[in-house]
Amino acid sequence: MASTPPAPRRTFPEALRSRSDEHLVALLMQRPDLATPSPSTLRSLAARATSRTSLDRAVARLDALELQVLESVLVLGDQPSAPAAPHPPVTIDRLLAALATEPADAPLVRAAVAHLLEGALLWDRGTSDSTDPSAATDLAVAPGLSEVLGPYPAGLGPADPSSPLAHAPSGPSSDQAAVALGALLADAPPGARSILDALTWGPPVGVAPRADPVGREATTWLLRHRLLLASDERHVVLPREVALALRGGRTHASTAAHPPQPDAPHFAEDTITAEAARAAQDVVRLVAHLLALWQASPPNVLRAGGLGVRDLRRLATTLEVDEATAAFVAELALATGLVVDDGEDPPSFTVTLAGEDWLELPLASRWAALAAAWAASGRTPWTIGSRDERGTLRAALEPDLSRPWVPRLRFDLLSALADRPGQALTPTDLLEVLRWGSPRATPPAQAVEGLVHEAALLGVTGVGALAPTGRALLLPVPDGAAHGPRVGSPGATGGSPRATSGGADAGSPETALAHALESVLPPEVDELLVQGDLTGIVPGRPSAALERLLEDAADVESRGAAITVRFTPESLTRAFDAGRSAEDLLTELASHSRTPLPQPLDYLVRDTARRHGRLRVGTASSYVRAEDPALLTGLVEDPALRHLSLFRVAPTVLAALVPAATLQAALRDRGLASMVEGPDGRVVRTERVRSTVRSRVGGRRPLDTATRGRSAVGHGVPAREGAALDTAARRDRYADLVPRLRAADDAALAAPPASASRADAPPEPRGTTEPPAALGLLRDAIDAGDHVVLETIDPTGQPTRRRVKPLVLEGGRLRALDPARDAELTVAVHRIAGVFTDAPAPAQDDAPTGASSGAPND
């Protein structure tokens, strides 16, 4: 009885072309790099979808389950069939059996297959155009994906067509391969089965024993019966057929359908919110303290950029925190735009106008500005103090601390915490979860630890669990609201703190963050319990007025559920320096105290005020003195000398606010001869003042005036895929692009060949001379095991065509088999001029003289 011939299999470009416009838009939404820049035709889109760069990027975003599905489909599709037997199709049922999927996890596997079909990482070689896994008749991985997955997918070695198990059914429902293997191992020497068991679940490569005679004999026997293959003189590899037989036909020991569930402690919501609120208040206080310090004394900028080690150490000492926390506070202020490199000569980090406005905002709005900037920042404060690849010490606030992957990692970490409410996950636990979410792109442990520490310092987490403030960072932007920063959102940038003031949009992200903090903050108290030992206790979170008073007039001794402060002569002097009088200070303290102020505090305030101001300090740039007071008569009142800002210090001494040279010149113009003297009273020789400007050529670039008030470093996130477009805009763009690609593809297929106008011209072969499309045809041929006609350019510039079977395409080179010469050849990709699928095999004698199998490599 004649068997029905198998249905012809499509190529990957044909399968992509048969997709509906809606499915093509979904592909571009999942893999936006395919549309940047826009391809010219659907064939170009297919070639780009199978390029190594795009496949690497797509596979890096897959979780462990999706990666298992890809590996299983690749292994099942590569299984050899018996001679003259049709290739067994890879169906969803075969896939579920190969993954040893539990019935409850089958929907998850089907969803993973649907996602991979949508992203063109899997495709159906049959006639189905649906992304429904149940409708797929023969699943296959995208051309070129076998190279991306590596030489040992699922821990399986290479296939061996000469293996005694090569044509035995090896699926989970068939035990013929296991029976055949058992019959072979019945006569095996001792230790043979142990060697196979050690390599069964991968890695499939082992070191051949040399000293152990038993192991050496067992290895030799396995090699002789082709149950092991020698990869080199010292290593052996387990063939794929033998491994599948040992595994019972399964590609994986179990299905990684669910992310790991770390055994982490749970905390009550009240505990989490209280800890997060305390941390949020602390970070706002630390940033405000930093701004006050740098307003009074701006630190210098290093020549290479960044904050010096001594300045960072001084900042940590003043803030009473460790250097890592001080570096994070400085980076947070920079990312929010509160401080900036002023670009002057010499440069320094100065407080911006936005920083001054930020100090006037309420506590919740100030924190919202910091959190929004942190969510969008690509800065890596945890690397401060380490050395780069050149051995240079990384400094805080230096420009080279930004990394584009940080916002995405921050989003993944907070999402993992959001999926486990109330659980305090350690960095090790989170790294395990992230390793399941992206096995091919596991983040560095140092980055995970650093971001977890930052989240705790900022009040996004409490006792290691995600707080309501952290969940607010993950909320989507409401419709109609101003688009603002969200963790990992494309194009998120830190904005000016002014956006969080009382006039902000009610639906803005900063307003939502402020409301989230207000919901966890304890109520304000306006009460101060003043005690006779010159201490005071604030039983809760102080109000803004009380907090400003205590910052000026007291020193904080401890912080917690209550704040303990102490009044000292030094702290009261700060209040008097701020412009308060003794009566003003006593009145203000009494307004916050339920009881009369203790007598010791009253005495201390009045005594300090009495001693305050006995010595006066002022500013003067120069002075003029004379032995005869009459010489100075009328100089202070003279309108012509008003620009000198003269004032009398003593009957024989006047001071001015201008340099000594300017003062001397003005007095000489009035007819008064004078000399310039030094601090010791000796006459100083004056010279003509020269005005010079230091050249900036080759030096630091001054700050652009357009960036004044905003940070030039770390302000914003480097662009990623679709960074300039939100989801709706990208979908609209792709919906407009797909019909144009289809029309261009149809026009290219309908166009008559160039030789159609000449009756004597031979028929034009089907193929392409476009490099992207040619690479796509080669990957299709490698995937299907077909022959193609390859046109290359030899060293003399002459084109040469030959019929070859492509084997491997990687590293910019094609390795192919030339059946006419029964030899392999390696061709550099840049020498390939065209690839043709249906062209007749050219006569090898027609090749140009001197052309050989190795010519393309010369």
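Please read all numbers here as calculations on a predicted model, not as lab measurements.

### Focus on the overall build of the protein
Item 1. Counting secondary structure elements, the protein contains 29 helices and 24 strands.
Item 2. For the protein, restricting intrachain contacts to residue pairs at least 6 apart in sequence, the fraction spanning at least 24 positions comes to 66%.
Item 3. In the form shown here, the protein has an accessible surface area of approximately 42,700 Å², with 54% of it arising from carbon and sulfur atoms.

### Here's the deal with the sheet that holds strand β3 (residues 205-207)
Item 1. Taken in spatial order, the three strands line up as β3-β5-β4 in an open sheet, and their pairing is antiparallel. Two strands close off the open sheet at either side, each with one partner strand: β3 and β4 (229-230).
Item 2. As paired elements, β4 and strand β5 (residues 235-237) share two bridges and run antiparallel to each other. Looking across to β5, one finds that L229 is bridged to V237.

### Remarks on the pattern of salt bridges
Item 1. Evaluation of the coordinates by the stated rule reveals 30 salt bridges.
Item 2. When the shortest N-O distance is used, the salt bridge between R541 and E524 registers 3.5 Å. Of this pair, R541 sits in strand β13 (residues 541-542) while E524 sits in strand β10 (residues 524-525), and the two are 17 residues apart along the sequence.
Item 3. The residue R670 makes a salt bridge to D638 at a minimum N-O spacing of 2.7 Å. Here D638 lies in the loop between β16 (622-625) and β17 (647-650) and R670 lies in the loop between α27 (660-669) and α28 (727-750), a separation of 32 residues in the sequence.

### Some points on the confidence of the model for the protein
Item 1. Confidence in the prediction for the protein averages 82 pLDDT; 83% of positions are at 70 or higher.
Item 2. Low confidence marks residues 477-486, where pLDDT is under 50. Its contacts with residues over four positions away, or in another chain, come to 30 contacts.
Item 3. Predicted confidence for residues 841-858 stays below pLDDT 50, and this span has 34 contacts to residues more than four positions away or in other chains.

### Notes on the sheet that holds β16
Item 1. Within the open sheet, the three strands sit side by side as β16-β18-β17. Their pairing is antiparallel. The open sheet terminates on both sides in strands that have one partner only, identified here as β16 and β17. Each strand axis lies, on average, 30° off the axis of its neighbour in the sheet, ignoring direction.
Item 2. Bridge count between β17 and strand β18 (residues 653-656): three bridges; the pairing is antiparallel. Residue A650 lies in a different strand from β18, and its bridge partner there is V653.
Item 3. Lying over the sheet, α27 contacts β16 and β18, oriented at roughly 40° with respect to β16.

### Re the packing of helix α25 (residues 582-591) against helix α26 (residues 599-611)
If you want to describe how two helices pack, look at the angle between their axes and the distance between the axes.
Item 1. Where α25 contacts α26, the two axes come as close as 9 Å, and the packing angle between them is 155°. As far as their axial angle goes, α26 and α25 are roughly antiparallel. Our pair here, α25 against α26, has a crossing hand that is right-handed. Across from A582, E583, L585, L586 and L589 in α25, the residues of α26 making contact are L601, D602, V605, R606 and A609.

### A few points about the nonpolar core
Item 1. Within the largest apolar cluster, 72 residues are counted, with the highest numbers of intra-cluster contacts made by L290, W294, W358, W367, L370, W374 and L458.
Item 2. If near-sequence neighbours (up to four positions away) are discounted, L458 is found in contact with A280, V283, L332, W367, L370, A371 and W374.
Item 3. Counting residues in hydrophobic clusters, the runner-up holds 31 residues, among them A58, L62, L139 and L149.

### Details of the packing of helix α13 (residues 269-296) against helix α14 (residues 309-319)
Item 1. Packing of α13 against α14 leaves a shortest axis separation of 11 Å and a crossing angle of 125°. For the element pair α13 / α14, the angle class is oblique. With respect to the hand of their crossing, α13 and α14 are arranged in right-handed fashion. Residues L286, H289, L290, L293 and W294 of α13 form the contact with α14, whose participating residues are L315, T318 and L319.

### Re the packing of aromatic side chains
Item 1. Under the defined criterion, the tally for this structure stands at two aromatic pairs.
Item 2. Between F12 and W123, the aromatic rings sit 5.8 Å apart at their centres with planes inclined by 85°, giving edge-to-face as the arrangement. Residue F12 is found in helix α1 (residues 12-17), and its partner W123 is found in strand β1 (residues 122-124); the two are separated by 111 residues along the sequence. The pair formed by F12 and W123 is uniform in burial state, with each residue classed as buried.
Item 3. Between W294 and F349 the ring centres are 6.1 Å apart and the planes differ by 25°, which places this aromatic pair in the stacked class. Taken together, the residues W294 in helix α13 and F349 in strand β7 (residues 349-351) connect sequence positions 55 residues apart.

### Re helix α23 (residues 544-553)
Item 1. All of the buried residues in α23 are L546, L549, L550 and A553. Taken down its axis, α23 places every buried residue within 95° of arc, on the same side.
Item 2. Residues of α23 that are buried make contact with β10, β12 (535-538), β13, β15 (563-566), α24 (569-577) and α25.

### A closer look at a nonpolar patch on the surface
Item 1. A contiguous nonpolar patch, built from F647, V649 and L657 and spanning about 270 Å² of accessible area, is present on the exposed surface.
Item 2. Of note, L657 is situated in the loop between β18 and α27.

### Some points on the environment of A590
Item 1. Tracing the backbone through its elements, the reader meets A590 in helix α25.
Item 2. For the pair A590 and L528, spaced 62 residues apart in sequence, the C-alpha separation works out to 9.0 Å.

### Re the side chain of T251
Item 1. Counting through the fold element by element, T251 comes out in the loop between α12 (240-246) and α13.
Item 2. The buried category is assigned to T251, whose relative accessible area is 1%.
Item 3. Of the polar contacts made by the side chain of T251, one reaches the side chain of S72; its length is 2.6 Å.
Item 4. Not counting the four nearest positions on each side in its chain, T251 is found in contact with S72, V75, A98, L99, A154, W201 and L244.

### Quick look at the environment of R19
Item 1. By secondary structure assignment, the location of R19 is in the loop between α1 and α2 (21-30).
Item 2. Overall, R19 belongs to the buried group, its relative accessible area being 10%.
Item 3. When near neighbours in sequence (up to four residues on either side) are disregarded, R19 contacts L24, L27, L117, E118, A120, L122 and R742.
Item 4. In this structure the side chain of R19 is engaged in a polar contact, spanning 3.1 Å, whose partner is the backbone oxygen of E118.

### Quick notes on the side chain of S438
Item 1. Of note, S438 is situated in the loop between α19 (427-437) and α20 (445-458).
Item 2. Judged by relative accessible area, which is 15%, S438 ranks as buried.
Item 3. When residues no more than four places from it in sequence are discounted, the contact partners of S438 are A60, L62 and D63.

Procedures and definitions
Residues numbered from 1 in each chain as written. Predicted model: local features only at pLDDT ≥ 70, side-chain atom pairs only at ≥ 80, totals over all residues. Heavy atoms only, no water. Helix = DSSP H or I, 4+ residues; strand = E, 2+ residues; numbered from the N terminus. Contact = heavy atoms within 4.5 Å. Areas by Shrake-Rupley, 256 points an atom, 1.4 Å probe, with all protein chains shown as cover. Pairing = 2+ DSSP bridges. Salt bridge = Lys/Arg side-chain N within 4 Å of Asp/Glu carboxyl O. pLDDT = per-residue confidence, 0-100. Axes fitted to C-alpha atoms, helices over the stretch in contact; angles between N-to-C directions. Parallel < 35°, antiparallel > 145°, perpendicular 65-115°, else oblique. Left-handed = near helix turned anticlockwise from the far one by under 90°. Core = buried A, V, L, I, M, F, W, Y, C linked by side-chain atoms within 4.5 Å. Buried < 20%, exposed > 50% of the residue type's maximum accessible area, 1.4 Å probe, protein only. Phe/Tyr/Trp six-rings, centres within 6.5 Å; stacked < 30°, edge-to-face > 60°. Arc of directions from axis to C-beta. Patch = residues over 30% accessible without salt bridge, like charges linked within 9 Å, V, L, I, M, F, W, Y side chains within 5 Å. Polar contact = N/O pair within 3.5 Å; in protein donor to acceptor, adjacent residues only side chain to side chain.

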